[in-house]
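# Breakdown of the fold
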Amino acid sequence: ICDMIMAECADIFNTAVKPYFLSKDDKERKDALWKKLVEEYLPKHYGYLERLLGDGTYFGEVKPNAADIAFFAVQGFLEGTGVETKLGDGQFPKLKACVDGVSAGVCAGFTRGSPAISADPEDPRY
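The shown structure was predicted, so the numbers you read here are calculated from the model rather than taken from an experiment. (Residues numbered from 1 in each chain as written. Predicted model: local features only at pLDDT ≥ 70, side-chain atom pairs only at ≥ 80, totals over all residues. Heavy atoms only, no water.)

Quick look at the overall build of the protein chain now. A count of helices and strands for the protein chain gives four helices and zero strands. From first element to last, N terminus to C terminus, the protein chain shows the α and β order α-α-α-α. Taken over C-alpha atoms, the radius of gyration comes to 15 Å for the protein chain, in line with the 14 Å a tight globule of 126 residues would show. Considering only C-alpha atoms, the protein chain reaches an extent of 50 × 30 × 25 Å along its principal axes. By the burial criterion, 39% of the 126 residues in the protein chain qualify as buried. (Helix = DSSP H or I, 4+ residues; strand = E, 2+ residues; numbered from the N terminus. Rg over C-alpha atoms; globule rule 2.2 N^0.38 Å. Buried < 20%, exposed > 50% of the residue type's maximum accessible area, 1.4 Å probe, protein only.)

Structure (structure tokens):
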């Protein structure tokens, strides 16, 4: 299951970087990709990951494993782009607990940087 979750996280990341590869002049397509990511893609895939967590806090059940770290990383990347993932609004409480646990545990002290892309049209990284 760990490999399956890591592949899911890679798919989320790969979908999230697609707008980056469009021309800066193609704002309409970029906006459409970001909107689809937030409104359709993430709810579907985060819902799937939420169900996989079952009753545990981590994908590794009792303690974090590579799948938990992969999700922690992709969530951090998305937060850095400014994408609203709905993780903090109670829509995915198990995923939120997973990220919080990884952040306080095995990744305590890890400082997130800013990704090279942004979902904000006003940001030069857009």
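Another aspect to go through is the nonpolar core. If you look at the biggest cluster of nonpolar residues, it comprises 32 residues, and the most contacted ones within it are Tyr46, Phe59, Phe71 and Leu95. Of all the secondary-structure elements, those providing two or more residues to this core are helix H1 (2–17), helix H2 (27–53), helix H3 (66–81) and helix H4 (93–104). If sequence neighbours within four positions are ignored, tyrosine 46 has contacts with Ile12, Phe71, Gln75, Leu78, Thr85, Leu87, Phe92 and Leu95. (Core = buried A, V, L, I, M, F, W, Y, C linked by side-chain atoms within 4.5 Å. Contact = heavy atoms within 4.5 Å.)

A word on the packing of H3 against H4. The interhelical angle for the contact between H3 and H4, taken along N-to-C directions, is 100°, at an axis separation of 9 Å. Relative to H4, the element H3 is oriented roughly perpendicular. Between H3 and H4, the residues in contact are Asp68, Ile69, Phe71, Phe72 and Gln75 and Leu95, Cys98, Val99, Val102 and Ser103, respectively. Along the lines of polarity and charge, the residues of the contact of H3 with H4 split into seven nonpolar, two polar and one charged. (Axes fitted to C-alpha atoms, helices over the stretch in contact; angles between N-to-C directions. Parallel < 35°, antiparallel > 145°, perpendicular 65-115°, else oblique. Nonpolar A, V, L, I, M, F, W, Y, C, P; charged D, E, K, R; others polar.)

With that out of the way, let us pick up the side chain of aspartate 68. Relative to the assigned elements, aspartate 68 resides in helix H3. Buried charge without a salt bridge: aspartate 68, with lysine 63 as the nearest opposite-charge side chain at an N-O distance of 10 Å. Here phenylalanine 59 takes part through its backbone nitrogen, which lies 2.6 Å from a polar atom of the side chain of aspartate 68. If we ignore the near neighbours within four places in the chain, the residues touching aspartate 68 are Tyr58, Phe59, Gly60, Lys63, Cys98 and Val102. (Lys, Arg positive; Asp, Glu negative; His and termini not counted. Salt bridge = Lys/Arg side-chain N within 4 Å of Asp/Glu carboxyl O. Polar contact = N/O pair within 3.5 Å; in protein donor to acceptor, adjacent residues only side chain to side chain.)

Next up on the list: unusual backbone geometry. One non-glycine residue, glutamate 61, lies in the positive phi region at around 70°. Looking at the secondary structure, you find glutamate 61 in the loop between H2 and H3. Judged by its relative accessible area of 61%, glutamate 61 is exposed. Positive phi is not limited to glycine here, since lysine 86 has a value of about 70°. Following the sequence through the fold, lysine 86 ends up in the loop between H3 and H4. Residue classification places lysine 86 among the partly exposed positions, given a relative accessible area of 27%.

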